[in-house]
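# Structural features, examined
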Amino acid sequence: RKLVSSTPMSAVTLPTSEGRGQGLRCGKKGAIVRGACEMDSEVVGELGPFAECVGVESEVASNGVERIRLTSPVSGWISRKLVEVGLASEERRVVVEFREGDVVLRTLGIVIDRDGTLADLRKSLQTMTRVPVARQRLEAKDGSKGLASEMVLREVQEEDATTKGPSPAELRAKSQALARETRDVEYPEPSR
């Protein structure tokens, strides 16, 4: 039942405690790790988006799906289509948890250019979540400032959003006060 993968498992090898294997990276949705090659075997773990792992063997399950045996960070089997070899140097991977309070609504894996900015990430998130850039509050999970590999996104309600300049209520109050002041002023007749 052994199969030689279309991307040879020996193309890039990394030493592990159990022998040699290939460095792999999960896609943006992560992967379920099972105890055996078959898809109906027991779930032994889960890998998050863009998680790094080490694969040492490739087999085809009875349903025809190519599976890879992992030795790190969890021992078990995952589908070959859920991982890729290495990471392109011109890409930067960011995992964003979209939260409402303490509840994670979605976990998003986003690939941006290596020199991408926080503004680029915000534009991508606007497209994916329909949350306007002005109402996004992004924080790095590790507390650092700027763009990080793991971020948390929260939607800020309009009354909580920090905007530049006065709020609509403040503008309305100023406008009404100005109108009251100008009502009592007598203007001279224009000369002709």
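Just so you know, these numbers come straight off a predicted model, no measurement behind them. (Residues numbered from 1 in each chain as written. Predicted model: local features only at pLDDT ≥ 70, side-chain atom pairs only at ≥ 80, totals over all residues. Heavy atoms only, no water.)

## Side note on the confidence of the model for the chain
Chain-level statistics for the chain give a pLDDT mean of 75 and a share of 77% at 70 or above. Across residues 1-19 the pLDDT falls below 50, and counting only partners more than four positions away or on other chains, this stretch makes 41 contacts in the model. (pLDDT = per-residue confidence, 0-100. Contact = heavy atoms within 4.5 Å.)

## Some points on the side chain of Thr129
As for its placement among the helices and strands, Thr129 is situated in helix α1 (residues 118-129). Take Thr129: its relative accessible area is 12%, and that puts it in the buried class. For Thr129, the side chain forms a polar contact with the main-chain oxygen of Leu125, separated by 2.6 Å. Those residues in contact with Thr129, other than ones at most four positions away along the chain, are Phe98, Arg106, Leu108 and Leu153. (Helix = DSSP H or I, 4+ residues; strand = E, 2+ residues; numbered from the N terminus. Buried < 20%, exposed > 50% of the residue type's maximum accessible area, 1.4 Å probe, protein only. Polar contact = N/O pair within 3.5 Å; in protein donor to acceptor, adjacent residues only side chain to side chain.)

## Notes on the nonpolar core
Across soluble globular proteins, nonpolar side chains show a tendency to be buried alongside one another. Core analysis: the biggest nonpolar cluster contains 15 residues, and Val94, Val96, Ile110, Leu121, Leu125, Leu138 and Met151 have the highest contact counts within it. Contributions of two or more residues to this core are made by β9 (91-100), β10 (103-113), α1, β11 (136-140) and β12 (150-155). In this structure, Cys26, Ala31, Cys53 and Val83 belong to the second largest nonpolar core, which totals eleven residues. (Core = buried A, V, L, I, M, F, W, Y, C linked by side-chain atoms within 4.5 Å.)

## Topic: the environment of Asp102
Within the secondary structure, Asp102 is located in the loop between β9 and β10. For the pair formed by Asp102 and Arg154, sequence separation is 52 residues and the distance between their alpha carbons is 10.0 Å.

## As for the pairing of strand β7 (residues 76-79)
Side chains Gly76 and Ile78 project from β7 onto one buried face, and the interleaved Trp77 and Ser79 project onto a second face that is buried too. Examined bridge by bridge, strand β6 (residues 66-72) and β7 share four bridges and lie antiparallel to one another. Bridged to Ile68 within β7 is Ile78. Counting the residues in the hairpin turn of β6 and β7 gives three residues. (Pairing = 2+ DSSP bridges.)

## Quick look at the environment of Ser149
Inspection of the secondary structure puts Ser149 in the loop between β11 and β12. Apart from residues no more than four positions distant in its own chain, Ser149 is found in contact with Arg93, Val94 and Val95.

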